[in-house]
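Each chain is listed here by its residues.
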Amino acid sequence: MAQIQELYDAILHGNAKQAHAVTQAAIEAGAEPLPLISESMMPAMEAVGRLFEEEEYFVPELLLAGRAMKSAMELLRPLMTASGQKLSTRVVIGTVKGDLHDIGKNIVASMLEGSGFEVIDLGADVSPENFVAAVEERKPQVVCMSALLTVTMPAMKTTIEALKNAGLRTQVKVLIGGAPVTSQYAKEIGADGYSENASGAVSAVKNLLAVA
Amino acid sequence: MSAERVRIRLEPLSVEIAAARGALLISSLADHGFEFPCGGTGTCGGCGVRVLSGSLPVTDADREVFGADELAQGWRLACQARAETALVLECGQWRMDVLADSAGLPLAGMQVGAGRRGLGIAIDLGTTTIAAQTIDLGSGQVLGVETALNPQAGFGADVMSRIRAALHGADLTGVIRAALGQMVARLAQGRADEMVAVILVGNTVMHHLFSGCSVEPLSHAPFASPYLDAESFSPAALGWALPASCTVRFVQCLGGFVGSDILAGIVATGMTRGEDLVALVDLGTNGEIAIGNRNGVVCASTAAGPAFEAGTIRMGMRAATGAVSHVALDNGALKATVIGDAEPRGICGSGLVDAVAAGLSSGAIRASGRIAGGSKKLPVAEPVVLYQSDVRELQLAKGAIAAGFRLLLRRLRASAGDLKSIYLAGAFGNYVQIESAVRIGLMEAPQALIHAAGNTALRGAKLLLWAGDDPALPPIEHISLAAEPGFEDEFANCMAFPEAAGEPSMFASGLASGAHAG
């Protein structure tokens, strides 16, 4: 099917219009959402992650690829809901309370989504209460938190404590990231993992779930 | 395996090293380009360091070389010292030129009012450096200058680490009041009774820490502080040796991360006196931008990160001896200028911008920021090279500034073509080659409009001091860029480099179409 390659190319080159059009054509031709995701989208986002690791791609390319991927996902999601198809793993992600930086978090969210996870993005300046509520309601397997400022990092700890107090901590794996965050800090505050960048976040989530 | 290590930070280059506890500093410092002119015999005084944090006991050799004043200020001979605790040291031989301002008053085009009697002191309290001047309020003449590193450096290099230290109970207020008290005493020496007024300007964190206001509101979103007003003090309350009749005032802040240094800069550029649209850009870790005219000004801060000070650059260093400060393209090859005509040791912010501009022009760096050819390195001046990640750091920094600039212009419903002039404030703005800044897309305006303006904060502070009262200013609106729609798109658009000088970046159309589809 020609669209498999075309969608892969559109995402890799960050062309959202093209990705949207190709996906539309594929749906009209009777393509199923899950194969499109696993055969076009996931390999494309994996290639994007690899190019980032190799320093060929940078933040603008990641954002563009993420947008292209999303423009295809928006067409596929309603079809999946209608036919009762589900992605295997659900991830809740947000930038912690007091911090408005969400570009890095957005890139991680789209890399995760492009890797076949269902991603619930809570946005920026997310309070511990809102993280707890999202875990209660959406029952994710993984919670990802981001902080870009040394002064907002402690909110990660507060959020982990809030999850503990709500009796939810053991139900989820917690992954943290952001420029000032270190693996040492992740250990200190009782997170399950840490990643230095977006493509690392994907492997970290996979490792945590042992689905690699 | 080895003895216990202690951490030592060397300012103003912010070099972090570890040394064995109890070992002589000479061995670890020599490895980092610090020189011992007499070979460490304790006689020449050329290896003086000032203790900003931690402690070094006074040795006999220290007493030979330094006066009581200097010893009290923390000066010691590095060659005689042993590191028993973690230390932050100011290295005398790396001393940076702190940008003051030689302009007397009145400036050209200013109305000359009735002269006041007496003397005043204007202080630009920066995160890294402090510049202060004595002014004759009658003639407007500059009578004396004092510059120093901000001694709060012992608590971290940037405003966020200062906030963090203050929240953990460290006394940053006492430290800065004492240091400024000494500077003021030197400036006022012999004529203290003539001192009428002291005026201070600085960023919002400096304002809060000097004034003793809590910095807690500045530690989290929405970064709105209830303490933005001007603060007045009596010299006695600060412990300063000035007459009781002398007023000390820290000028009001404009917003959470836009301080009175920018307000003073707006005054110094004369932006609000005419119809012409004028911009002021301070290129620092926290970039600040103000654009306006007599009808009003919009301003914002944008997190550029430390790349302009070469902070996150692998071979980066401050603008000191051995730093590549300028790079030009000579017959297709990069030709570097090194500060102090020394062997190149690293690259400073202005050299970085030049090197990338030259790389773009020669084709060694592509518009996407990728170093061509697969080596991921750009040799600048043996042994100094730029790594791929260095170019990326610069893309983040210049993207943040250019995006902030675009959003403020959009808020004014104006374009770069409507601007009459753009003033670059601060040390980096003073040394960066404007042609290179335009080539990399840091400044998106015709080169002829852009001027290095020096220390506009200090100049504005002098104008405020001289005027006596705050001048009537139009409304100054502070805009939170993070909350502005389209910031992420603009930031990403502005990260790529212009294809050729003056052309829009290759991603300009890409992300716009992505946004429509999404």
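Residues numbered from 1 in each chain as written. Chains lettered and ligands numbered in written order. Predicted model: local features only at pLDDT ≥ 70, side-chain atom pairs only at ≥ 80, totals over all residues. Heavy atoms only, no water.

J.: I'd like a rundown of the interface of chain A and chain B, residues and numbers included.
T.: Each partner contributes residues to the interface: chain A has 25 residues there, and chain B has 30 residues. Both faces combined, the contact of chain A with chain B buries some 2400 Å², and carbon together with sulfur accounts for 65% of it. If you sort the residues of chain A by the area they bury against chain B, Glu-55, Phe-58 and Arg-67 of chain A come out on top, with a joint share of 25%. If you look at where chain A meets chain B, you find four salt bridges. (Contact = heavy atoms within 4.5 Å. Buried area = accessible area lost by both parts, 1.4 Å probe. Salt bridge = Lys/Arg side-chain N within 4 Å of Asp/Glu carboxyl O.)

J.: Just give me the short version of the sheet that holds strand 2 (residues 118-121) of chain A, but keep the residues and values in it.
T.: Strands in a sheet are paired, the pairing made by backbone hydrogen bonds, and the direction either parallel or antiparallel. All names here are of chain A. Pairing within the open sheet is parallel, and its five strands lie in the order 2-1-3-4-5. At either end of the open sheet lies a strand with only one pairing partner, and these are strand 2 and strand 5 (193-195). Along the sheet, successive strands turn relative to each other by an average axial angle of 25°, direction set aside. One ladder, built from five bridges, connects strand 1 (residues 90-95) with strand 3 (residues 142-146); its direction is parallel. The partner of Ile-93 across the bridge, within strand 3, is Cys-144. (Pairing = 2+ DSSP bridges. Helix = DSSP H or I, 4+ residues; strand = E, 2+ residues; numbered from the N terminus. Axes fitted to C-alpha atoms, helices over the stretch in contact; angles between N-to-C directions.)

J.: I'd like a rundown of the domain arrangement of chain A, residues and numbers included.
T.: All names here are of chain A. When the domains of chain A are assigned, the result is domain 1 (2-83) and domain 2 (90-209). Taken over C-alpha atoms, the centre of domain 1 sits 24 Å from the centre of domain 2. Facing the 14 residues of domain 1 at the interface are 11 residues of domain 2. Surface buried jointly by domain 1 and domain 2 totals about 1100 Å² across both partners, of which 68% is contributed by carbon and sulfur atoms. The largest per-residue losses of area from domain 1 upon contact with domain 2 belong to Met-42, Met-45 and Leu-62, which jointly make up 34% of the total buried on that side. For the pair domain 1 and domain 2, the interface holds one salt bridge. (Domains from an automatic or database assignment.)

J.: Please provide a residue-by-residue account of the state of the cysteines, values included.
T.: Residue and element names in this part refer to chain B. Tallying each qualifying case throughout the model produces zero disulfides over all chains. Here Cys-91 is not disulfide-linked; the sulfur of Cys-47 is the nearest cysteine sulfur, at 9.9 Å. A disulfide-free cysteine, Cys-299 has its sulfur positioned 11 Å from the sulfur of Cys-253, the nearest such atom. We classify Cys-299 as buried; its relative accessible area is 0%. (Disulfide = S-S within 2.5 Å. Buried < 20%, exposed > 50% of the residue type's maximum accessible area, 1.4 Å probe, protein only.)

J.: Could you give an account of the pattern of salt bridges, naming the residues involved and the relevant values?
T.: Residues and elements named next belong to chain A. One pass over the full model with this rule turns up 21 salt bridges over all chains. Note that Asp-192 is salt-bridged to Arg-169, the shortest N-O span being 2.9 Å. Here Arg-169 lies in the loop between helix 7 (154-165) and strand 4 (173-177) and Asp-192 lies in the loop between helix 8 (183-188) and strand 5, a separation of 23 residues in the sequence.

J.: So what's going on with the nonpolar core? Residues and values would help.
T.: All names here are of chain B. Within the largest apolar cluster, 116 residues are counted, with the highest numbers of intra-cluster contacts made by Val-356, Phe-405, Ile-422 and Met-443. The dominant element in this core, judged by the number of residues it contributes, is helix 10 (residues 388-411), at 11 residues. Setting aside chain neighbours within four positions, we find Val-356 in contact with Ile-365, Leu-386, Val-391, Leu-394, Ile-440 and Phe-497. By size, the runner-up hydrophobic cluster in this structure holds 39 residues, among which are Leu-180, Ala-188, Trp-240 and Phe-250. (Core = buried A, V, L, I, M, F, W, Y, C linked by side-chain atoms within 4.5 Å.)

J.: Run through the domain arrangement of chain B, naming residues and quoting values.
T.: Residues and elements named next belong to chain B. Partitioning chain B into domains gives domain 1 (5-94), domain 2 (96-253) and domain 3 (306-376). Spacing between the C-alpha centres of domain 1 and domain 3 amounts to 30 Å. Contacts between domain 1 and domain 3 engage six residues on the former and four residues on the latter. A combined buried area of about 390 Å² lies between domain 1 and domain 3, and 52% of that area is made up of carbon and sulfur atoms.

J.: Can you tell me about helix 10 of chain B, naming the residues and giving the values?
T.: Taking 1.5 Å as the rise per residue, helix 10 of chain B with 24 residues should run 34 Å; its terminal C-alpha atoms sit 34 Å apart, in good agreement. Arg-413 of chain B occupies a position one or two residues after helix 10 of chain B and carries a positive phi of about 55°. (Expected span 1.5 Å × (residues − 1).)

J.: Hey, could you go over the packing of helix 3 (residues 33-53) of chain A against helix 4 (residues 59-83) of chain A for me, with residue numbers and the actual values?
T.: All names here are of chain A. In contact at an axis separation of 11 Å, helix 3 and helix 4 are set at 165° when each is read in the N-to-C sense. Considering the angle they form, helix 3 stands roughly antiparallel to helix 4. You can see that helix 3 and helix 4 cross each other, and the crossing is left-handed. Contacts between helix 3 and helix 4 involve Pro-33, Leu-34, Leu-36, Ile-37, Met-41, Met-45, Val-48 and Phe-52 on the former and, on the latter, Leu-62, Ala-65, Gly-66, Met-69, Ala-72, Met-73, Leu-76, Leu-79 and Met-80. Residues of the contact of helix 3 with helix 4, tallied by class, amount to 16 nonpolar, one polar and no charged. (Parallel < 35°, antiparallel > 145°, perpendicular 65-115°, else oblique. Left-handed = near helix turned anticlockwise from the far one by under 90°. Nonpolar A, V, L, I, M, F, W, Y, C, P; charged D, E, K, R; others polar.)

J.: Would you mind going over the sheet that holds strand 4 (residues 75-77) of chain B in detail, with residue names and values included?
T.: All names here are of chain B. Strand order in the open sheet made by the five strands is 2-1-5-3-4, with mixed pairing throughout. Edge strands, defined here as strands with exactly one partner in the open sheet, are strand 2 (15-20) and strand 4. When strand polarity is set aside, the average angle formed by the axes of neighbouring strands in this sheet is 40°. Where strand 3 (residues 48-53) and strand 4 come together, three bridges link them in antiparallel fashion. Residue pairing across strands places Val-49 opposite Arg-76, the latter belonging to strand 4.

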